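Here are the chains, one letter per residue:
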Amino acid sequence: MNGIVLNEKELRDARARVAKLSDALSAESGIAQLSSNLPPEVVTQVTKMMKAERLRLLSAIEAFESAREAGDASSLLKQSGTDPGVTLIVARIAKGYSQKDLAWRLGVKEQQIQRYEADRYSSISLKNYARVAALLGVQLSASITENPNFRGLDSVIADVTREDIRKILKHGRSRGWFATDMSEAQLRQYIAENRIEFGSPSLLRTGLNVTDHSEDVLLHAWRARVATRAREELSQQAMTFDPADILWLADLVRLSADPDGPRRAQEILKEKGIVLIAEPQIPGLAIDGAAFLEGNIPVIGLTIRKDTVDNFWFTLLHEIGHAVLHYRTGLATGFFDQLETVSTDEQEAEADSFASNILIPEERWRRSTARIANSPVVVESFAKELGIHPAIVFGRIRKERNNYAIFSNRIGANTVREQLIDPC
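Residues numbered from 1 in each chain as written. Predicted model: local features only at pLDDT ≥ 70, side-chain atom pairs only at ≥ 80, totals over all residues. Heavy atoms only, no water.

The name given to the protein chain in an unreviewed UniProt entry is Helix-turn-helix domain-containing protein, with the source organism recorded as Rhizobium meliloti.

Here is the structure:
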């Protein structure tokens, strides 16, 4: 579900999801169980997410039924936003056409319309888009006619410099992304095709700022590589993900105490419908992690540019926070994070709070002497009480005191990358 209902199958799925959320939000079967296993701050965040999702789904159901049964598509049009593909689907519903009706009027098979609508017309050419739009009475806007995705490969890669191409080639060859004999021209085509297929990363969270990086080809190339690897995994194993299913997170955090915790975490995430890909960044990119969707499955990409236990677990839980809290409200666009400083962006602050409280519940932290301790013994004892790796507590102390000179030999340096990134 993506926040709008456009056909009968999505209507059935939305109704089933509403019923499941209603059950999860009941004190007897849902929230009480969450509260007994997870920190109260996290329970509050997840409860808020579930209530908001339930309201959005009810609104989406009402909008679709109003358009289908009463011919009033105003709410559906409002929900569609500026997505050019969704605009065509809403226009079809508003006219009272079935997919079969539209296919007949266009002189194509019904299966073709089904394929177009399944991917929100993302694979259609501008010529054919214009043809469907004319039949449905949709006027082409500048945002559509100027969209590089409709103007061919050359327009999509017009901004890519030769220096960036060479940088990507060198890194990609060393990492086995593609054949060593790939030419610059072939790489340009690869970048263009992936930019069309996956879209462009729109925002990069860089500490206090939220910066537009839609034209950052290094970020795009890295994301395309992570997405390609995720697709390979998904082709081998079917997965499902439910953002309201989070009881397993307590067990995940306890894995941090194990020497092979990162590798085991990757396995548990796969069981829960999240693909974790560790992929070194292209030199000059400076990114810690990302979270985005491949179909309906969350993909988490980590560069492990800071190879320490504390950084790995906080970054991982931060991205899981995005998958859980923002599955319906941003994950489709994606989150691309640099985590050096606290962000003022609301969704980044929510992911930070989620990660921080899952690892070290705020109530326990406020009452602990480890927060003000200078003795490693006190810190390690507190970590043992929580069942987590001491490096996580040492890392939080270093950050809160803004003193990265202390406990530098206690954060598990050079122990994560070897588990998740094969040397090349």
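Read on, since the account is not over.
To continue, consider the environment of Ala230. Relative to the helices and strands, Ala230 is located in helix H13 (residues 217-236). Taking relative accessible area as the criterion, Ala230 reaches 0% and is therefore assigned buried. Expressed as a C-alpha distance, the spacing of Ala230 and Ile274, which sit 44 residues apart in the sequence, is 9.6 Å. With residues up to four places along the chain from it excluded, the contact list for Ala230 reads Val275, Ile277 and Val299. (Helix = DSSP H or I, 4+ residues; strand = E, 2+ residues; numbered from the N terminus. Buried < 20%, exposed > 50% of the residue type's maximum accessible area, 1.4 Å probe, protein only. Contact = heavy atoms within 4.5 Å.)

Counted according to the given criterion, the structure contains six aromatic pairs. Pairing Phe292 with Phe336 gives two aromatic rings, centres 6.2 Å apart and planes at 20°, and the pair type is stacked. Taken together, the residues span a long stretch of sequence, with Phe292 in strand E4 (residues 289-294) and Phe336 in strand E6 (residues 335-338) at a distance of 44 residues. Accessibility expressed as a relative area gives 3% for Phe292, which makes it buried. Phe336 sits in the buried class, given a relative accessible area of 0%. The ring of Tyr97 carries Arg105 above its face, with NZ or CZ at 4.1 Å from the centroid. (Phe/Tyr/Trp six-rings, centres within 6.5 Å; stacked < 30°, edge-to-face > 60°. Lys NZ or Arg CZ within 6 Å of the ring centre and 35° of its normal.)

Orientation of helix H5 (residues 84-94) relative to helix H8 (residues 126-136), taken along the N-to-C sense of each, is 35°, at an axis distance of 10 Å. In this structure, H5 meets H8 at a crossing whose hand is left-handed. Two secondary-structure elements touch here, H5 through Pro84, Gly85, Leu88, Ala91 and Arg92 and H8 through Tyr129, Val132, Ala133 and Leu136. Among the residues making up the contact of H5 with H8, the classes are represented as seven nonpolar, one polar and one charged. (Axes fitted to C-alpha atoms, helices over the stretch in contact; angles between N-to-C directions. Left-handed = near helix turned anticlockwise from the far one by under 90°. Nonpolar A, V, L, I, M, F, W, Y, C, P; charged D, E, K, R; others polar.)

Before going further, it helps to spend a moment on the confidence of the model for the protein chain. With 87% of its residues at a pLDDT of at least 70, the protein chain reaches an overall mean of 85. Of the regions scoring below 50 in pLDDT, residues 151-156 engages in 12 contacts with residues more than four places distant in sequence or in other chains. Scored below 50 in pLDDT, residues 202-214 makes 41 contacts in the model with residues more than four places away or belonging to other chains. (pLDDT = per-residue confidence, 0-100.)

Turning to the nonpolar core, a few remarks are in order. Of all hydrophobic cores here, the largest spans 122 residues; its most connected members are Val46, Leu249, Trp313, Leu316, Leu317, Ile320 and Phe354. Top contributing element to this core by residue count: helix H3 (residues 40-70), with 11 residues. When residues are assigned to domains, this core turns out to be shared by domain 1 (8-136) and domain 2 (203-215 + 230-419), each giving three or more. (Core = buried A, V, L, I, M, F, W, Y, C linked by side-chain atoms within 4.5 Å. Domains from an automatic or database assignment.)

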